[in-house]
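Structural overview
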Amino acid sequence: MVNKIHVSAIVNGEPVEFLCEPQQSLLECLRDILGLTGTKNGCNDGNCGACSVLLDGRLVNSCLVLGVEAQGRRITTIEGLADWPGLHPIQQSFVEQDGLQCGYCTPGMIIAAKALLDREPNPSEQRIREWMAGNLCRCTGYDKIVRAIRAAAERLYPAEVGRKE
Ligand code: FES
Ligand code: FES
């Protein structure tokens, strides 16, 4: 029998406690223990970005983080963006710009975009492409995703984005 480890963390602003096995990934803990299935398992080896979450505000692939590493940390998943009246501005922009088809990559894309826009309110198209290079989409095409992130920046930071460089 594997001894389980007790973990306390803040997930989407709420304190949570769970028991996990030492080798379980944060992705497994979020999906299988906490029921937060918005975070997707694409490759389970750090290549696709579908499992992106924020760990203390930093973008990580949750399939590469152990659940026990969440001890005492703050985690934001796609469910954590639901505190807006209606869709989060990044979600709204993905919808309007057709930045998704099957939607499997979309939670990871939106979390990665949030990580960028939290740091850089007015990223260039080139910067968005570089930042999003770790998030793969097999359906939509990246132009629409980049357009959606630019549109989200305009929504979130109209003063910054309207400013001349
Ligand atoms: S599932 Fe984690 S990077 Fe693909
Ligand atoms: S919308 Fe289907 S994988 Fe990206």
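What you see is a predicted model; the values in this text were computed from it and never measured.

Backbone geometry at N44 places phi at a positive 60°, although glycine is not the residue there. Summarising the element assignment, N44 is placed in the loop between helix 1 (26–33) and strand 3 (52–55). Of the residues examined, N44 has 15 C-beta atoms within 10 Å and is grouped as partly exposed. Positive phi, normally seen in glycine, also occurs at D98, with a value near 55°. Of note, D98 is situated in the loop between helix 2 (89–96) and helix 3 (106–119). When the 14 C-beta atoms within 10 Å are taken as the criterion, D98 is described as partly exposed.

Another point: the environment of V7. By the secondary structure assignment, V7 is in strand 1 (residues 5–11). The buried category is assigned to V7, around which 22 C-beta atoms lie within 10 Å. Sequence-wise, V7 and G103 are 96 residues apart; in three dimensions their C-alpha atoms are separated by 31 Å. With residues up to four places along the chain from it excluded, the contact list for V7 reads E17, F18, C20, G67, V68, A70 and Q71.

Between helix 2 and helix 3, the shortest axis-to-axis distance is 10 Å and the interhelical angle comes to 125°. As the angle between them shows, helix 2 and helix 3 are arranged oblique. Relative to helix 3, the crossing made by helix 2 is right-handed. Facing I90, Q91 and F94 of helix 2, the residues of helix 3 in contact are T106, I110, A113 and K114. Looking at the contact of helix 2 with helix 3 residue by residue, the classes come out as 4 nonpolar, 2 polar and 1 charged.

Across 4 bridges, the pairing between strand 3 and strand 4 (residues 58–61) is antiparallel. When the sheet's bridge partners are listed, L55 is paired in strand 4 with R58. The sheet contact formed by strand 3 and strand 5 (residues 74–76) spans 2 bridges and is antiparallel. Bridging across to strand 5, L54 finds its partner in T76.

On to the domain arrangement of the protein. Each assigned domain of the protein is listed with its residue range as follows: domain 1 (5–81) and domain 2 (89–159). A C-alpha centroid distance of 21 Å is found between domain 1 and domain 2. Domain 1 puts 15 residues into the contact, and the matching count from domain 2 is 14 residues. At 3 residues, strand 3 tops the list of elements feeding residues into the side of domain 1 that touches domain 2. Residues of the side of domain 1 that touches domain 2, tallied by class, amount to 8 nonpolar, 6 polar and 1 charged.

Definitions and limits used
Residues numbered from 1 in each chain as written. Chains lettered and ligands numbered in written order. Predicted model: local features only at pLDDT ≥ 70, side-chain atom pairs only at ≥ 80, totals over all residues. Helix = DSSP H or I, 4+ residues; strand = E, 2+ residues; numbered from the N terminus. Buried ≥ 20, exposed ≤ 12 C-beta atoms within 10 Å, placed from the backbone. Contact = placed C-beta atoms within 7 Å. Axes fitted to C-alpha atoms, helices over the stretch in contact; angles between N-to-C directions. Parallel < 35°, antiparallel > 145°, perpendicular 65-115°, else oblique. Left-handed = near helix turned anticlockwise from the far one by under 90°. Nonpolar A, V, L, I, M, F, W, Y, C, P; charged D, E, K, R; others polar. Pairing = 2+ DSSP bridges. Domains from an automatic or database assignment.

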